[in-house]
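Read off the chains here:
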Amino acid sequence: MKFQVLLKLKRYIAQIIFLISANLGALGLKTGFCYPFFYCHACPAATSACPLRAIEVGVFNGEFKWKLITYPLLILGTVGVLTGRAVCGWACPIGLLQRTTGVVPKKLKKRFPIFAKIGQHKVEHYLRYTKYFVLIGLVVITPIFIGFMFTDICPVGVLVGTIPVMILNPGTYLANAFFYMALVIFILFFILIFIIERGWCRYFCPVGAILAPFNKISYLHVSTHLMIEHPSTEEKCIHCNACINSCPMGIDVPNMKRDPECILCGKCIEACPLGLISFERV
Amino acid sequence: MKKILVLQITALILISGSLGGMYAFTDVYDEVYSRIVSIICLSCIKLNRVYSQDYKIETANGKPHPNFIIDELTKGPIFLAFRTDVCAYCDDMEPLVMQIFNVTFEKEDVFSKTVDFNGTGVIFYHINNDHATGELKTLQPFYDIDGDNAVPMFTMMSLEYHRGIVTPYYLTVYGILNPDYTDEQRIEELTNIIFTAIELYKENSQGFRPEDFKK
């Protein structure tokens with residue numbers, strides 16, 4: 001029990017530290033780094049650049065600026081090889097937002113079975129590929145051919161960029177051509193994260209799409225010892241499904257092996273009554 | 001040694017080595033800082049600035065900005081005042097311009113000068129088309145949005161973030177601005193234009209890459 005509380009606390013502390021460090025621009029600290037997670041440099045307090053915007057600027061109108069394309073990918077790649085998608089669970093401010101809103105879909109699932117079915121429908125597995133289409137389609141292809149960029153309609157840009165800028169500079173700005181489309185997507189984003197736990201991470205996050213494949217080779221990962229005798233406990237999985245029910249990404253934990261969707265949040269580790277799931281290195 | 005460990009070490013060396021190489025041997029850090037982080041990304045916030053006037057990005061004649069204008073933009077916002085020898089409204093407006101910039105000149109003068117405007121250096125050009133030579137002689141069509149060589153013509157040039165890059169941004173006004181204005185209102189309007197240009201310049205100058213605009 002103590003371990004579970006400690007893990008939860010550690011994750012909260014890490015997320016808050018990363019949230020603060022992502023917003024040190026408020027104190028004048030602006031850098032030339034790209035965030036290794038999903039956050040917008042249009043936030044008045046932003047410290048670094050959105051990795052997606054760097055890629056978009058790199059490919060815009062077919063002008064391939066290789067430095068701008070490879071730089072964010074290498075930053076995400078370095079983090080990905082070391083920790084896989086752990087940044088989604090431990091560092092991303094939008095992850096923290098979804099962690100906070102995650103209590104709502106949990107309650108909805110308990111009260112209304114329809115909400116449980118939404119996240120468990122057979123097509124749900126395929127919907128997870130949407131984020132790869134968003135990454136390739138809207139971050140790479142449309143900026144090259146028609147000059148339309150994902151960040152033109154990004155809901156996180158509305159949340160941490162548009163709203164604060166409008167509050168801080170009343171009367172200075174007016175809506176551009178994409179504003180209302182972005183506003184609709186922003187509202188849908190909020191509905192999504194209140195209906196499905198980690199709905200944005202699961203289906204749409206292009207940064208998650210870049211990081212996901214690194215789970216297959218990452219140094220840090222979540223490992224299950226369910227069907228074999230666990231060396232320390234000598235207990236076998238009792239198929240209680242506590243790990244599945246606790247997973248915010250809706251992963252079939254007992255059968256997962258370096259799942260690209262795993263954000264290493266450790267909720268399954270906390271939930272397993274026999275301690276058969278753990279973080280592992282290598 | 002486990003295969004996965006070999007794979008991890010190889011991937012880590014390749015990726016982090018390339019990243020370190022980029023930091024060491026390229027200006028990517030400065031480029032991301034100047035092009036993305038240090039400027040307000042208007043398309044990311046899905047907003048445009050509210051201007052009382054109509055700012056332009058493309059030149060009026062569709063040609064690239066002259067190189068010397070691009071060079072001057074690295075130093076500060078530019079105010080271009082065009083006139084001809086015979087121009088009654090020029091004679092009305094120029095005393096106001098002199099008052100705003102605290103400069104004196106004759107109507108035949110063709111010159112440029114960096115003037116202090118509330119602590120900011122603004123590059124002031126006075127161009128009499130009847131006496132100008134070289135690049136200055138052919139400058140007006142670049143910024144003459146009405147396209148009829150009308151004078152007096154005042155162009156305020158600054159920088160703005162547009163679709164991923166910081167680009168020259170200009171506003172052209174003509175004549176006495178508004179026939180109903182008093183001189184005080186004209187001074188106020190021109191001053192507001194200059195203040196807006198300075199504000200834009202301060203916000204965006206970090207990200208301006210003149211080489212992107214040179215012919």
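Residues numbered from 1 in each chain as written. Chains lettered and ligands numbered in written order. Predicted model: local features only at pLDDT ≥ 70, side-chain atom pairs only at ≥ 80, totals over all residues.

Considering the overall build of chain B
Counting its regular elements, chain B contains seven helices and six strands. Order of helices (α) and strands (β) in chain B, N terminus to C terminus: α-α-β-α-β-α-β-β-α-α-β-β-α. If one aligns the C-alpha atoms of chain B with their principal axes, the spans along those axes are about 90 × 35 × 30 Å. Counting over 215 residues, chain B shows a buried share of 36%. (Helix = DSSP H or I, 4+ residues; strand = E, 2+ residues; numbered from the N terminus. Buried ≥ 20, exposed ≤ 12 C-beta atoms within 10 Å, placed from the backbone.)

Details of the overall build of chain A
Looking only at helices and strands, one finds 15 helices and three strands in chain A. Expressed as a percentage of its 282 residues, the buried residues of chain A come to 44%.

Some points on the nonpolar core
Formed by 128 residues in total, the largest nonpolar core has its most connected members in A:Tyr39, A:Cys40 and A:Ala54. Taken domain by domain, this core gets at least three of its residues from each of domain 1 (1–37) and domain 2 (45–212) of chain B. Sequence-distant contacts of A:Cys40, defined by excluding residues within four places in its chain, comprise A:Ala46, A:Cys50, A:Cys154, A:Val156, A:Gly157, A:Val160, A:Gly161 and B:Cys44. (Core = buried A, V, L, I, M, F, W, Y, C linked by C-beta atoms within 7 Å. Domains from an automatic or database assignment. Contact = placed C-beta atoms within 7 Å.)

Here we look at the interface of chain A and chain B
At the junction of the two partners, chain A supplies 42 residues and chain B supplies 35 residues. At the level of elements, α2 (51–59), α3 (66–83), α10 (155–168), β1 (173–175) and α11 (179–195) of chain A are the ones that each hand at least two residues to the side of chain A that touches chain B. With eight residues, the top contributor of residues to the side of chain A that touches chain B is α3(A). The class makeup of the residues in the side of chain A that touches chain B is 23 nonpolar, 14 polar and five charged. (Nonpolar A, V, L, I, M, F, W, Y, C, P; charged D, E, K, R; others polar.)

Quick look at the sheet that holds strand β4 (residues 120–128) of chain B
Residues and elements named next belong to chain B. Strand order in this open sheet of five strands is β3-β4-β2-β5-β6, and the pairing throughout is mixed. Of all strands in the sheet, those bounded by a partner on one side alone are β3 (111–117) and β6 (165–174). Strand after strand, the sheet turns through a mean of 25° between neighbouring axes, direction not considered. Direction of pairing for strand β5 (residues 153–162) relative to β6: antiparallel, over a ladder of 10 bridges. (Pairing = 2+ DSSP bridges. Axes fitted to C-alpha atoms, helices over the stretch in contact; angles between N-to-C directions.)

What to know about unusual backbone geometry
Residue and element names in this part refer to chain A. Residue histidine 239 is not a glycine yet carries a positive backbone phi of 55°. Tracing the backbone through its elements, the reader meets histidine 239 in the loop between β2 (220–224) and α14 (242–246). One non-glycine residue, asparagine 241, lies in positive phi territory at about 65°.

Considering the packing of α2(A) against α3(A)
Residue and element names in this part refer to chain A. It is the contact of α2 with α3, at a shortest axis distance of 7 Å, that shows an interaxial angle of 155°. When the interaxial angle is binned, α2 and α3 end up roughly antiparallel. α2 and α3 meet at a crossing whose hand is left-handed. Contacts between α2 and α3 involve Pro51, Ala54, Ile55, Val57, Gly58 and Val59 from the former and Leu68, Ile69, Tyr71, Pro72, Ile75 and Leu76 from the latter. In terms of residue class, the contact of α2 with α3 is made up of 11 nonpolar, one polar and no charged. (Parallel < 35°, antiparallel > 145°, perpendicular 65-115°, else oblique. Left-handed = near helix turned anticlockwise from the far one by under 90°.)

Here's the deal with the environment of A:Ile16
All names here are of chain A. Structurally, isoleucine 16 can be placed in helix α1 (residues 2–22). The exposure class assigned to isoleucine 16 is exposed, which follows from the 12 C-beta atoms found within 10 Å. Distance in space between the C-alpha atoms of isoleucine 16 and cysteine 237 is 34 Å, their sequence separation being 221 residues.

Regarding the pairing of β6(B)
Extensive coverage of β6(B) is indicated by the burial of eight of its 10 residues. Between β5(B) and the antiparallel strand that follows it, β6(B), lie two residues; B:Arg163 among them carries a positive phi value of about 50°.

Some details on the pairing of β4(B)
All names here are of chain B. As defined by bridge partners, strand β2 (residues 78–83) adjoins β4 across six bridges and the pair is classed as parallel. The residue of β4 that forms the bridge with phenylalanine 79 is phenylalanine 124. The turn joining β3 and β4, which pair antiparallel and follow one another in sequence, is formed by two residues; a positive phi near 50° is taken by asparagine 118.

A word on the packing of α2(A) against helix α9 (residues 130–145) of chain A
All names here are of chain A. At a minimum axis distance of 8 Å, the contact between α2 and α9 shows a crossing angle of 30°. For the element pair α2 / α9, the angle class is roughly parallel. Note that α2 runs across α9; the crossing there is right-handed. Residue-level inspection shows Leu52, Ile55, Glu56 and Val59 of α2 in contact with α9, the latter providing Val139, Val140, Pro143 and Ile144.

Here we look at the environment of B:Asp144
All names here are of chain B. Counting through the fold element by element, aspartate 144 comes out in the loop between α6 (140–143) and β5. Taking the C-alpha atoms as reference points, aspartate 144 and threonine 84, 60 residues apart in sequence, are found 14 Å from one another. When neighbours within four sequence positions are excluded, aspartate 144 is seen to be in contact with Ala60, Asn149, Met153 and Thr172.

With respect to the confidence of the model for chain B
The pLDDT averaged across chain B works out to 89; a share of 98% of its residues lies at or above 70. Among the prediction metrics, the complex's ipTM stands at 0.88, with pTM recorded as 0.78. (pLDDT = per-residue confidence, 0-100.)

A word on the environment of B:Asp130
All names here are of chain B. Its location among the elements puts aspartate 130 in the loop between β4 and α5 (134–137). For the pair aspartate 130 and glutamate 94, spaced 36 residues apart in sequence, the C-alpha to C-alpha distance is 16 Å. Filtering out sequence-adjacent residues up to four positions away, aspartate 130 remains in contact with Thr84 and Asp85.

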